[in-house]
Amino acid sequence: TPGEEYGEMVSKHHEEQSYETYQSAVSILHTKVPSEMRSAVIAERNLELASDRFGTAENRLCTGCWLVNRICICNEGSPLSPSEIAAFPHRLLIYMHVKELGRASNTGALMKLALGKDKADIFIAETREDEERLDAAMVDNPGPMCVVFPTEDSMSVPNMLASL
């Protein structure tokens, strides 16, 4: 498929790091992949590349906290008490761009770690499997939703909970 052809050329580019392989990948993307599918094809390929950064080796990223394994904090437990977690009345559905996957600065992984897998989950935008999981989660969790995004005028979680 054009998506697979694009993925193969991106892999070749990552190996060779040449301008020609980059141009070939861009050419395949623009001439063979329909415009309405391009961002999804790019997201799927970026997900594959980011996933390669995870693993059990000391220099790989932890799949839980996304920190390098040698400084993983997963076994430290949640900074929230069990009663605080139980009092959180929502299921947190974290929708993120694929370029955020594996970034230690990403608070999505830490929110999931703090709340636990029963209260939070991460969905990667424009990846088929995660879009389907997110659609199903939204059907299974009807009701008010909020967007978590850091800005200067963002509301803190305690303030948000107090306003409910």
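Throughout what follows, the structure given in this document is the object of discussion. Here, residues in each chain are numbered from 1, in the same order as that chain's written sequence. Thresholds applied to this predicted model are a pLDDT of at least 70 for local features of residues and 80 or more for the giving and counting of side-chain atom pairs; totals over whole chains, interfaces and linings are not thresholded and use all residues. Excluded from the side-chain calculation are hydrogens and water; included are all heavy atoms of the structure.

A few words on the pairing of strand 1 (residues 92-96). A one-sided burial pattern is seen for strand 1, the buried positions being L92, I94 and M96 and the unburied ones L93 and Y95. Any two strands with at least two DSSP-identified bridges between them are counted as paired. The helix and strand labels rest on DSSP assignments: H or I over at least four residues marks a helix, E over at least two residues marks a strand, and numbering proceeds from the N terminus. Direction of pairing for strand 1 relative to strand 2 (residues 120-124): parallel, over a ladder of five bridges. Bridging across to strand 2, I94 finds its partner in I122. Orienting the strands away from the viewer, one traces the path from the first strand over the helix to the second; a clockwise path indicates a right-handed crossover. Between the parallel pair strand 1 and strand 2, the chain is carried across by helix 5 (residues 107-115), and the sense of this crossover is right-handed. A 1.4 Å probe rolled over the protein chains alone gives each residue an accessible area, and that area as a share of the maximum for its type sets the label: buried under 20%, exposed over 50%, partly exposed in between.

Take the environment of T151 next. With respect to the secondary-structure elements, T151 resides in the loop between helix 6 (128-140) and helix 7 (157-163). What makes T151 partly exposed here is its relative accessible area of 40%. In the structure, T151 is positioned 84 residues away from L67 in sequence and 24 Å away in space, judged by C-alpha atoms.

Another aspect to go through is the pattern of salt bridges. The rule for a salt bridge is simple: a side-chain nitrogen of Lys or Arg has to be within 4 Å of a carboxyl oxygen of Asp or Glu. Enumeration over the complete set of coordinates arrives at five salt bridges. Between R133 and D121 there is a salt bridge, with its nearest N and O atoms 2.8 Å apart. Taken as a pair, R133 in helix 6 and D121 in strand 2 lie far apart in primary sequence, 12 residues in all. The closest approach of N and O atoms between D130 and R133, which form a salt bridge, is 3.2 Å.

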